Amino acid sequence: MDLTPPPFSRFAHEGLEIAFFDEGDPSGDPILLIHGFASSANVNWVYPGWLKTLGDAGYRVIAFDNRGHGKSSKPYDPSLYHPQQMAGDAAALLVHLGIGEAHVMGYSMGARISAFLALMHPERVRSLVFGGLGIGMVSGVGDWDPIADALLAPSLESVTHARGRMFRAFADQTKSDRQALAACISTSRDLLSAEDVARIDVPVLIGVGTKDEIAGSAQELAALMPRARALDIPGRDHMLAVGDRVFKKAVLEFLGEVGRA
């Protein structure tokens, strides 16, 4: 399996440079991939094999580095990281590429951004896949202030909070700008109401690992939407579910059904 990162391009939105790739079959149905917190397009979508899986299935595969992440601009102002603004980056990328409508898949924070995209620009979203985020999209996913503290701590060894250690280690592994991530985590967790979620009227697949202690129930979130279904990803936690073969198979089947509808 070729997991070599593809070449990235850039475009400007709201004064920021957003890095993206546009791969796969240029004549295929487009799918836009939105990565999670402290990750990147490569870490969420290339290295776990999603680009190859979707490209081999005939899709045009587009992914970008969220502001504050990867190769994109990394402002330190927390007011620039609300999910509405990051969803605006996603919509602007589709406009930049001349794509009217796309399937959209997001993982964790990327799932939240995808939901905001569907509500703000429903004409742009053909279907949705939420990975790594269930009812936590509505009810919250716990206290994340210790994560910001962990990101700004002098070293991993000085972090005692378990979830903080997990994300600090991940940020160090991905060589992220920890100050930008601390700004991002403080404002990117805006919640949706149950009424907001109920307005999402496209086919939705929600995949959550059975050992994920962050996401919340996929079934509870699916029950709020008219065209959603839940998927349990067996034996996977929040960090490992993204590249799981059960998840990939379910996503390909889901996209195939949407394509035939």
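Peer 1: Please provide a residue-by-residue account of the packing of helix 6 (residues 145–152) against helix 8 (residues 178–187), values included.
Peer 2: Packing of helix 6 against helix 8 leaves a shortest axis separation of 9 Å and a crossing angle of 170°. One way to sum up the angle between helix 6 and helix 8 is to call them roughly antiparallel. The segment helix 6 lies against helix 8, with Ala 148, Leu 151 and Leu 152 engaging Arg 178, Gln 179, Leu 181, Ala 182 and Ile 185. Split into classes, the residues belonging to the contact of helix 6 with helix 8 amount to six nonpolar, one polar and one charged.

Peer 1: Residues and numbers for the nonpolar core, please.
Peer 2: Of all hydrophobic cores here, the largest spans 62 residues; its most connected members are Leu 32, Phe 37, Leu 128, Phe 130, Ile 200 and Ile 206. The biggest single contributor to this core is helix 4 (residues 109–120), with eight residues. Ignoring any residue separated from it by four or fewer positions in sequence, one finds Phe 37 in contact with His 69, Met 109, Trp 144, Ile 147, Leu 151, Phe 167, Phe 170, Leu 181, Cys 184 and Ile 185. Within the second largest apolar cluster, 28 residues are counted, among which are Ala 19, Leu 33, Ala 250 and Leu 255.

Peer 1: Lay out the pattern of salt bridges with the relevant residues and their values.
Peer 2: Enumeration over the complete set of coordinates arrives at 12 salt bridges. Among the salt bridges present, the one from Glu 14 reaches Arg 67, with a minimum N-O distance of 2.9 Å. Of this pair, Glu 14 sits in the loop between strand 1 (9–13) and strand 2 (16–24) while Arg 67 sits in the loop between strand 4 (60–64) and helix 3 (83–96), placing them 53 residues apart in sequence. Residue Glu 14 is classed as exposed on the basis of its relative accessible area, which comes to 52%. Close ionic contact of Arg 199 with Asp 196 constitutes a salt bridge, the shortest N to O distance being 3.4 Å. With a relative accessible area of 53%, Arg 199 lands in the exposed category. Each of Glu 14, Arg 67 and Asp 89 takes part in a single network of salt bridges with overlapping partners.

Peer 1: Lay out unusual backbone geometry in plain terms, naming residues and giving numbers.
Peer 2: Positive phi outside glycine occurs at Ala 38, with the angle close to 65°. Take Ala 38: it is sitting in the loop between strand 3 (30–34) and helix 1 (41–46). One non-glycine residue, Ser 108, lies in positive phi territory at about 60°. Here Ser 108 falls in the buried class, since its relative accessible area comes to 12%.

Peer 1: Could you give me a rundown of the sheet that holds strand 5 (residues 102–107), with the residues and numbers involved?
Peer 2: Sheet strands pair by backbone hydrogen bonding; their relative direction is either parallel or antiparallel. The strand order 1-2-4-3-5-6-7-8 describes an open sheet built from eight strands, whose pairing is mixed. At either end of the open sheet lies a strand with only one pairing partner, and these are strand 1 and strand 8 (228–233). Averaged over all adjacent pairs, the angle separating strand axes in this sheet is 20°, with direction ignored. In the sheet, strand 2 pairs with strand 4 via five bridges, with the strands oriented antiparallel. Looking at strand 4, one finds that Asp 22 is bridged to Ile 62. With respect to the sheet, helix 3 is in contact with strand 1, strand 2, strand 3, strand 4 and strand 5, its orientation differing from that of strand 1 by roughly 120°. Along the sheet face, helix 11 (residues 245–260) touches strand 3, strand 5, strand 6 (125–131), strand 7 (204–209) and strand 8 and points at about 165° away from the line of strand 6.

Peer 1: Break down helix 3 for me, with residues and values.
Peer 2: Taking 1.5 Å per residue as the helical rise, helix 3 with its 14 residues ought to reach 20 Å, and the 20 Å between its terminal C-alpha atoms agrees with that figure. Every buried residue of helix 3 is accounted for by Pro 83, Gln 85, Met 86, Ala 87, Gly 88, Asp 89, Ala 90, Ala 91, Ala 92, Leu 93 and Leu 94. One or two residues past the end of helix 3 sits Gly 98, with phi positive at roughly 70°.

Peer 1: Outline the side chain of Thr 53, listing residues and values.
Peer 2: As for its placement among the helices and strands, Thr 53 is situated in helix 2 (residues 50–56). Look at Thr 53 and you get buried, because its relative accessible area is 16%. Within the local environment of Thr 53, its side chain forms a polar contact with the backbone oxygen of Gly 49, the two atoms lying 2.9 Å apart. Beyond its immediate stretch of four places on either side in the chain, Thr 53 contacts Lys 248 and Leu 252.

Peer 1: So what about the side chain of Ser 127? Which residues, and what values?
Peer 2: Relative to the assigned elements, Ser 127 resides in strand 6. Here His 103 takes part through its side chain, which lies 2.7 Å from a polar atom of the side chain of Ser 127. Those residues in contact with Ser 127 that sit more than four places away from it in its chain are Ala 102, His 103, Val 104, Val 202, Pro 203, Phe 254, Leu 255 and Val 258.

Each value, and the rule that gives it
Each chain carries its own residue numbering, running from 1 in the written order of its sequence. Per-residue local features are limited, in this predicted model, to residues with pLDDT of at least 70; the limit for side-chain atom pairs, both in listing and counting, is 80 or more; totals at the level of whole chains, interfaces and linings are taken over all residues. Heavy atoms throughout the structure, all of them, feed into the side-chain values; hydrogens and water do not. Fitting a line to C-alpha atoms yields each axis, with helices limited to the stretch in contact; the angle taken between N-to-C directions then spans 0 to 180 degrees. Secondary structure elements follow DSSP: runs of H or I of four or more residues count as helices, runs of E of two or more count as strands, with numbering from the N terminus. Roughly parallel here means an angle under 35 degrees, roughly antiparallel means over 145, roughly perpendicular means 65 to 115, and every remaining angle is called oblique. In what follows, a contact means two residues having at least one pair of non-hydrogen atoms within 4.5 Å. When residue character is reported, Ala, Val, Leu, Ile, Met, Phe, Trp, Tyr, Cys and Pro are called nonpolar, Asp, Glu, Lys and Arg charged, and the others, Gly included, polar. Among buried residues, the Ala, Val, Leu, Ile, Met, Phe, Trp, Tyr and Cys ones that are joined through side-chain atoms within 4.5 Å form a nonpolar core. Partly exposed describes any residue whose relative accessible area lies between the buried limit of under 20% and the exposed limit of over 50%, with all areas from a 1.4 Å probe on protein chains only and scaled to the type maximum. A side-chain nitrogen of Lys or Arg and a carboxyl oxygen of Asp or Glu constitute a salt bridge if their distance falls within 4 Å. Only when DSSP finds a minimum of two bridges between them are two strands counted as paired. Given the number of residues in a helix, its expected span is that number minus one, multiplied by 1.5 Å. Under this definition, polar contacts are N or O atom pairs within 3.5 Å; protein pairs additionally need one hydrogen-donor-capable and one acceptor-capable atom, and for neighbouring residues in sequence, both atoms have to be side-chain atoms.

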